[in-house]
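# Notes for the structure review
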Amino acid sequence: MKLFLKNLFMIGVLVLLCLVAGEVFIRVFLKTRTVYDVEMARYSLELKKDSPDPRIGHVHRPDKSLQLMGVQVRTNSEGLRDREHTVARGPERRIALLGDSLTLGWGVEEGDSFKSLLEEKLNRITPTEILNFGAGNYNTEQEVHLFLERGLKYRPDKVVVFYFINDAEITPRKSRWWFMGYSQLATLYWSRGHLLAERLFPSRGGYQAYYASLYQKNNPGLSRAQDAFLLLQDVCRKNHIELQVVLLPELHELVRYPFQKEHQMIADFLRSHHIDVLDLAPRFSGIVKPMDLWVARDDAHPNKEGHRLIAEHSWEFINGSSQGTK
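All of the points below concern the structure found in this document. The structure presented is a predicted model; accordingly, all values stated were derived computationally and were not measured.

Val159, Phe162, Leu232 and Val245 are the most contacted members of the largest nonpolar core, which totals 65 residues. Among the elements that take part in this core, helix H10 (residues 304-319) stands out by supplying six residues, more than any other. Residues contacting Leu232, with those up to four places away along its chain left out, are Leu98, Val144, Phe147, Val159, Val161 and Leu243. Core analysis: the next-biggest nonpolar cluster, separate from the first, contains nine residues, Leu66, Leu68, Val73 and Leu104 among them.

Structure representation (C-alpha cells):
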C-alpha cells in the first residue's frame, strides 16, 4: 500500500509538472501570436466585471488598458472604450452608439473603429460628439439597460443601435468553470478540441442553423430583444432623443447572404413600430472574399477595412438621410 501511494504521489507530481510546463510554454508561444478564444478569455477575466443588474450581466472595468488581438483596448472612467466625456452638454450634436464587440471595435485600433470614423465624417458636416457604449458579448437587452444605467445622463440627441445577428441570444449566466479561463493551456485545448469535434461530428447546419434558431418565435432571447427595443423607444420619446438601428452583416458569406430572412424579420419589427432602420448586408453583397475583412483567420470580427466600410455605408443614414428606411 505504501508503495502504491508513493507511486500515485509521484504520478500526481509528474502530471502537475507537465501541466505547469505546458502552461509556461503556451504563454511564451502566445507572446508573439494571437488565438481568438484565448484573447476572449483574457478580455472576460481582465477587462470585465460582474454587474449587479442581471439584465446587464457584466460591464467593463474603468480606467483599464489591455493588449488584445494585437491592439490596445483602453477604457475611460465610465468603462467605455472611448475618450473621457463630460456629462454636461457642449454645443456639439451628441450621439450614443449601442452595440456588442463589433461596436466596441474588437481587434482594431480605437482610431480605426467605425465609431471614430463616423465621428470624423460627421464632424465635417456639423460638430458632433459620439459616445461608444459597445461591449463584447452583449445582446440587445444588455445594450439597452447599460444605456439606461450609464448613458441617459449624457442626454444625447440620437441613439444608434448597431445590431448583430446573435443579439437575439438570451443574457448568459456566468459559467461555474469561469476560473479555467486563467489557464491559457486549458483554453487553447478547449478551443482546439471544440474545433476538432465540429469537424468530425458537425452539428446539423452549423453556425447558420444556430443563428437561424434564434429567430424562432418561441426563442425568449428574441422576445427580450424586441421588448428592449420598445423600452428604448419609449425612453427616447420621453427624452426627445432620436432612435435609429443599423443591422450589421455577418462576415462569413456576403454574396449569398444566409440571414436575409432574419434581417428582414428584425427590420419589419422595427419599421412596424416606426423605428428607423438601415440594413447594411446588401451593401456588402459584392464582396466575394469576406475573409479579407476579418480580424484574423479564426476571428470573423471586422478588421480595419471592415470598419471603414461600415462607416462609409452608414454615415449618411446617421446624419439624417432617410434612405435607410426604404
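Our focus in this paragraph is the pairing of strand S5 (residues 93-98). Taken across its six residues, S5 has six buried, putting it largely inside the fold. With five bridges connecting them, S5 and strand S6 (residues 128-132) associate as parallel partners. When the bridges of S6 are listed, Arg93 appears paired with Thr128. As paired elements, S5 and strand S7 (residues 158-163) share four bridges and run parallel to each other. Within S7, the position partnered with Ala96 by the bridge is Val159.

This paragraph deals with the packing of helix H8 (residues 220-238) against helix H9 (residues 260-272). Between H8 and H9, whose axes approach to 11 Å, the crossing angle comes to 35°. The way H8 lies across H9 gives a crossing that is right-handed. Side by side, H8 and H9 meet where Leu222, Gln226, Phe229 and Leu230 of the first sit next to Met265, Ile266, Phe269 and Leu270 of the second. Looking at the contact of H8 with H9 residue by residue, the classes come out as seven nonpolar, one polar and no charged.

One pass over the full model with this rule turns up eleven aromatic pairs. Taking 6.2 Å as the distance between ring centres and 80° as the angle between the ring planes, the aromatic pair formed by Tyr207 and Tyr211 counts as edge-to-face. Of the two residues, Tyr207 and Tyr211 both sit in helix H7 (residues 206-213), four residues apart, roughly one turn of that helix. Residue Tyr207 is classed as partly exposed on the basis of its relative accessible area, which comes to 30%. Classification of Tyr211 as buried rests on a relative accessible area of 13%. Of the aromatic side chains, those joined through ring pairs into one cluster are Tyr207, Tyr210, Tyr211, Tyr257 and Phe259.

Taken together, five strands build an open sheet; the order of strands is S6-S5-S7-S8-S9 and the sheet is parallel. Edge strands, defined here as strands with exactly one partner in the open sheet, are S6 and strand S9 (276-279). Taken pair by pair, the neighbouring strands of this sheet meet at an average axis angle of 20°, ignoring direction. The pairing of S7 with strand S8 (residues 242-247) spans six bridges and is classified as parallel. Looking at S8, one finds that Val160 is bridged to Gln244.

Take the pattern of salt bridges next. Close approach of charged atoms lets side chains of opposite charge pair. Under the criterion given, the structure shown has 16 salt bridges. Among the ionic pairs, Asp82 bridges to Lys115, the shortest N-O distance being 3.0 Å. Of the two residues, Asp82 is situated in the loop between strand S4 (71-74) and S5 and Lys115 in helix H4 (residues 114-123); the sequence distance between them amounts to 33 residues. Classification of Asp82 as buried rests on a relative accessible area of 0%. By relative accessible area, which is 4% here, Lys115 ends up buried. Two residues, Lys158 and Glu242, come together in a salt bridge whose shortest N-O distance is 3.7 Å. Placement of Lys158 in strand S7 and of Glu242 in strand S8 is noted, with a sequence separation of 84 residues between them. Using a relative accessible area of 5% as the deciding quantity, one classes Lys158 as buried.

Reading guide: rules and limits
Residues numbered from 1 in each chain as written. Predicted model: local features only at pLDDT ≥ 70, side-chain atom pairs only at ≥ 80, totals over all residues. Heavy atoms only, no water. Core = buried A, V, L, I, M, F, W, Y, C linked by side-chain atoms within 4.5 Å. Buried < 20%, exposed > 50% of the residue type's maximum accessible area, 1.4 Å probe, protein only. Helix = DSSP H or I, 4+ residues; strand = E, 2+ residues; numbered from the N terminus. Contact = heavy atoms within 4.5 Å. Pairing = 2+ DSSP bridges. Axes fitted to C-alpha atoms, helices over the stretch in contact; angles between N-to-C directions. Left-handed = near helix turned anticlockwise from the far one by under 90°. Nonpolar A, V, L, I, M, F, W, Y, C, P; charged D, E, K, R; others polar. Phe/Tyr/Trp six-rings, centres within 6.5 Å; stacked < 30°, edge-to-face > 60°. Salt bridge = Lys/Arg side-chain N within 4 Å of Asp/Glu carboxyl O.

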